[in-house]
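Structure assessment
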Amino acid sequence: MSFRLRPSVPAKATTLALMASLVLPAVSFAQAPPPPTQPRAITVSGEGTASIAPDMAIVNLSVTRMAETAQAALTQNNEAVRSVLDALKANGVADRDIQTGDFSIFPRYSDRQSTPQNINQQPVIIGYQVTNSLTVRVRELPKLGELIDQSVKLGVNQGGQITFTNHEPKAAYQNARRKAVEDAMEKAKTLAEAAGVTLGPVVNISETNLQPVAPAPMMRMAMAKEADSVPVAGGETTYTVTVEMRFDIRP
């Protein structure tokens, strides 16, 4: 008579645990795959400009009136602004080219000196100031000086800031973009040559800045009253574009 000993369930569990303990360290010590290699590249920025004669001007004209009461100052201001608006429209400025830029009413206080006797007293209001500012687009530049002169005679006594621009600057911007790309490519070639590598194709290009640059002359309204027509020189408006370009490089 023979006997066979069969392993019990706990013995099987012990065997599996032992096998797992022998395998797990091999897994835990396995090396991670190396990180992917970063592409070699050169990134540069380029700037291009294009200048053209302006065909439009944006001018700021303000009327300020002061009186003892807010209502009186407002009435005087309204009369002057209406006269200026009528003159602008009579000279061919369209309604769409005239916009109220700012309107304000402020109290005016006395300029008395502070003394121990009145240091705790509230400031005294001696009148009110009303200002109405107009932003005007002048599309006929030869009329600009005359319009400013007439506006001053009709009541404008502040402002005079002029910005020269173009109704459609698309062609100037396109020219500036071409120059910006050429500038960036020239920089990239110089860098690649200095580093001893070969410049590859463009992998990314972006436009980062659009900026018109124009002179904005200031003039004193009081001086303009003495002239038959305000002399104004438009010069040129310069448009600037900046691009950023990324190139692959090869050893």
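No experiment lies behind these values; they were computed from the predicted model shown.

Here is what the cut-offs are and how they apply
- Residues numbered from 1 in each chain as written.
- Predicted model: local features only at pLDDT ≥ 70, side-chain atom pairs only at ≥ 80, totals over all residues.
- Heavy atoms only, no water.
- pLDDT = per-residue confidence, 0-100.
- Contact = heavy atoms within 4.5 Å.
- Helix = DSSP H or I, 4+ residues; strand = E, 2+ residues; numbered from the N terminus.
- Expected span 1.5 Å × (residues − 1).
- Buried < 20%, exposed > 50% of the residue type's maximum accessible area, 1.4 Å probe, protein only.
- Phe/Tyr/Trp six-rings, centres within 6.5 Å; stacked < 30°, edge-to-face > 60°.
- Salt bridge = Lys/Arg side-chain N within 4 Å of Asp/Glu carboxyl O.

Some remarks on the confidence of the model for the protein
Scored by pLDDT, the protein has a mean of 81; 73% of the residues are at 70 or more. Contacts for the low-pLDDT stretch residues 13-20, under 50 throughout, to residues beyond four places or in other chains number one contact.

Side note on helix α4 (residues 170-195)
For α4, built from 26 residues, the straight-helix expectation of 38 Å at 1.5 Å per residue is met to within 8% by its first-to-last C-alpha distance of 38 Å. Residues of α4 that are buried: Ala 172, Tyr 173, Ala 176, Ala 180, Ala 184, Ala 188 and Ala 192.

Quick word on the packing of aromatic side chains
Here the distance between the centres and the angle between the planes together describe a pair of aromatic rings. Tallied over the full model, the rule gives one aromatic pair. The interplanar angle of 65 degrees and the centroid separation of 5.0 Å between the aromatic rings of Tyr 173 and Tyr 239 together place this pair among those described as edge-to-face. With Tyr 173 in helix α4 and Tyr 239 in strand β7 (residues 237-250), this pair connects stretches of sequence that are 66 residues apart. Overall, Tyr 173 belongs to the buried group, its relative accessible area being 14%.

Some words on the side chain of Asp 97
Within the element layout of this structure, Asp 97 appears in the loop between α2 (70-90) and β3 (98-109). Of the residues examined, Asp 97 reaches a relative accessible area of 4% and is grouped as buried.

Comments concerning the pattern of salt bridges
All told, the structure shown has six salt bridges when counted by the stated rule. Note that Lys 153 and Asp 149 form a salt bridge whose closest N and O atoms lie 3.1 Å from each other. You can see Lys 153 and its partner Asp 149 sitting in helix α3 (residues 144-153), four residues apart, about one turn around the helix. Note that Lys 187 and Asp 183 form a salt bridge whose closest N and O atoms lie 3.5 Å from each other. With Lys 187 and Asp 183 both in helix α4 and four residues apart, the pair spans about one turn of that helix. On the basis of relative accessibility, which here comes to 22%, the residue Asp 183 falls in the partly exposed class.

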